[in-house]
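# Descriptive structure summary
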Amino acid sequence: MSVIRNNWTREEIEKIYNTPVLDLIYNAGTVHRQYHEASEVQVCTLLSVKTGGCPEDCAYCPQAARYHTDVKVHKLMEVGEVMEKAIEAKEAGSTRFCMGAAWREVRDNKDFDKVLDMVKGVSQMGMEVCCTLGMLSPEQAQKLKDAGLYAYNHNLDTSEEFYQDIITSRNYGDRLDTLENVRKAKISVCSGGIIGMGEKEEDRIGMLHTLATLPEHPESVPVNALVPVEGTPLEDQEKVSVWEMIRMIATARIIMPKAMVRLSAGRVRMSVEEQALCFMAGANSIFAGDKLLTTPNPAYVDDKQMFQILQLKPRPSHKENLVKQVVL
Ligand code: SAM
Ligand code: DTB
Ligand code: SF4
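What counts and what doesn't
Residues numbered from 1 in each chain as written. Chains lettered and ligands numbered in written order. Predicted model: local features only at pLDDT ≥ 70, side-chain atom pairs only at ≥ 80, totals over all residues. Heavy atoms only, no water. Helix = DSSP H or I, 4+ residues; strand = E, 2+ residues; numbered from the N terminus. Rg over C-alpha atoms; globule rule 2.2 N^0.38 Å. Buried < 20%, exposed > 50% of the residue type's maximum accessible area, 1.4 Å probe, protein only. Contact = heavy atoms within 4.5 Å. Areas by Shrake-Rupley, 256 points an atom, 1.4 Å probe, with all protein chains shown as cover. Lys, Arg positive; Asp, Glu negative; His and termini not counted. Charge placed at Lys NZ, Arg CZ, Asp CG, Glu CD. Near = heavy atom within 4 Å. Polar contact = N/O pair within 3.5 Å; in protein donor to acceptor, adjacent residues only side chain to side chain. 1 Å grid on protein atoms, 1.4 Å probe; cavity = no way out; pocket = protein on both sides within 12 Å on 5 of 7 lines; lining within 4 Å. Points joined across faces, edges and corners; volume = space filled by probe spheres on them. Nonpolar A, V, L, I, M, F, W, Y, C, P; charged D, E, K, R; others polar. Salt bridge = Lys/Arg side-chain N within 4 Å of Asp/Glu carboxyl O.

A few words now on the overall build of the protein. Scanning the protein from N- to C-terminus turns up twelve helices and ten strands. Rg of the C-alpha trace for the protein: 19 Å, near the compact-globule value of 20 Å for 328 residues, within the 12% margin. Dimensions along the principal axes, computed over C-alpha positions, put the protein at roughly 50 × 50 × 40 Å. For the protein, the residues scored as buried account for 56% of the 328 residues in total. For the protein, long-range pairs separated by at least 24 residues make up 76% of all intrachain contacts whose partners lie at least 6 apart in sequence. Within the structure as shown, the protein displays about 14,800 Å² of accessible surface, and the carbon and sulfur contribution to it stands at 52%. With 38 positive and 46 negative side-chain charges, the protein shows a separation of 5 Å between the mean positions of the two kinds.

Printed below as a string of structure tokens:
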């Protein structure tokens, strides 16, 4: 059984990342089977509850106000509308519902109170509720926890060195501070990144190193392939090869064995065969539903078919697990 380590060196991670790819998949698959039920994949649904008009300058993001993209700005949704979407997601088989807002940071105002109501409502529906709202203070993290928040997504996106090339309106330390605030509030941490932004391999390794040497590993690590959006500075970036996604997923799986590794943005451009390789390499979570936040994602029917072909089953939510334990 591989052990959980928080003292990985960059060199060790680099060596794993550069293992011949078939061996890498095999090694990651072995670790995966030690810690997880390999036929189970967590199905999560995303909803953009506040869209566009963001003051930040993240070069990949269609929601930054300063770029001219087709994204339509939408103020914070009403709680009732969000509940309807959450019910739809639950009925379609999702066990985690993640609400995203195009904010730099959370402010203590009526909108935050509304988000707290959304969190309460979704949590009462028995789904794992997750939010991604930008930076959080310790007090805001506690309020979210008290409302029933299960997880918080806050991506490091890339290495500390490459960060300034992608975002200038905040720094890496701000990101790490929020992760610490989330952790201290005993909320499950979801943090990963994006590949295909023009970073070097050493940046991918650097990001994985930061994640794997946090005092506690994130419980979930999303690996996104850049979705190049017209109007953003990264609109012309070339598609990353599936082998690069596989290397990221497999390395994350080996160095953070217990984490859920999520095959996130980019699935619309991947075949079932390519996604199957990602699952073999240790991915065990996806976003389902025909939209991510603002960009397309495979339709539920296509994913249903993929689950049938690969004989995968949706992972029960932590709440369903608790119920089962109580019943037993
Ligand atoms: N505003 C908050 C923040 O930045 O933390 C939350 C929402 S933001 C859209 C959430 C994450 O989506 C980003 O950290 C980034 O990793 C991912 N993302 C945004 N645009 C993307 C794109 N075009 N391709 C892939 N991932 C993207
Ligand atoms: C994550 O790592 N990927 C999701 C979720 N966390 C919030 C977001 C992907 C967004 C892709 C671009 C869009 O749809 O706007
Ligand atoms: Fe704003 Fe988040 Fe997009 Fe950056 S990634 S521009 S913070 S919505």
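Next up on the list: the site of ligand 1. Lining the immediate surroundings of ligand 1 are 18 residues, of which Tyr 60, Asn 155, Asp 157, Arg 175 and Val 227 lie closest. At 3.0 Å, a backbone N or O of Tyr 60 approaches a nitrogen atom of ligand 1. A distance of 2.9 Å separates an oxygen atom of ligand 1 from a polar atom in the side chain of Arg 175. With the chains in place, 90% of the 550 Å² that ligand 1 exposes on its own is no longer accessible.

Space inside the largest pocket adds up to approximately 540 Å³. Around the largest pocket, the lining is made up of 24 residues, and of these Leu 46, Leu 47, Ser 48, Lys 85 and Lys 291 lie nearest the centre. Among the secondary structure elements, those contributing two or more residues to the lining of the largest pocket are strand E1 (40–50) and helix H3 (79–91). Per-element accounting of the lining of the largest pocket gives the leading share, five residues, to E1. When the residues that make up the lining of the largest pocket are grouped by side-chain class, the tally is twelve nonpolar, six polar and six charged. Empty space within the second largest pocket amounts to approximately 370 Å³.

Leu 46, Pro 62, Thr 132, Asn 153, Asn 155, Pro 222, Asn 224, Phe 287, Leu 292, Leu 293, Thr 294 and Thr 295 make up every residue found near ligand 2. Between ligand 2 and the protein, one listed contact pairs an oxygen atom with a side-chain N or O atom of Asn 224 at 2.8 Å. Thr 295 places a polar side-chain atom, nitrogen or oxygen, 2.8 Å from an oxygen atom of ligand 2. Contact with the protein chains covers 88% of the free accessible surface of ligand 2, which is 400 Å².

Before going further, it helps to examine the pattern of salt bridges. Per the counting criterion, the structure on display carries 15 salt bridges. For Arg 183, the salt bridge identified is with Glu 216, shortest N-O distance 3.7 Å. Residue Arg 183 is located in helix H7 (residues 172–184), and its partner Glu 216 is located in the loop between helix H8 (201–212) and strand E7 (220–225); the two are separated by 33 residues in the primary sequence. For Arg 183, a relative accessible area of 21% puts it in the partly exposed group. One salt bridge connects Glu 219 with Arg 183, and the closest N-O pair in it is separated by 3.0 Å. Placement of the pair is Glu 219 in the loop between H8 and E7 and Arg 183 in helix H7, with a sequence separation of 36 residues. Look at the salt bridges and you will find they share partners, linking Glu 56, Arg 104, Glu 105, Arg 107 and Arg 170 into a network.

The next subject is the side chain of Gln 275. Following the sequence through the fold, Gln 275 ends up in helix H10 (residues 272–280). A polar atom in the side chain of Gln 275 sits 3.4 Å from the backbone oxygen of Met 270. The residues touching Gln 275, leaving out its near neighbours within four places in the chain, are Leu 263, Arg 267, Met 270 and Met 306.

A few words now on the environment of Lys 110. Mapped onto the fold, Lys 110 is located in helix H4 (residues 110–124). Separated by 98 residues in sequence, Lys 110 and Leu 208 place their C-alpha atoms 37 Å apart.

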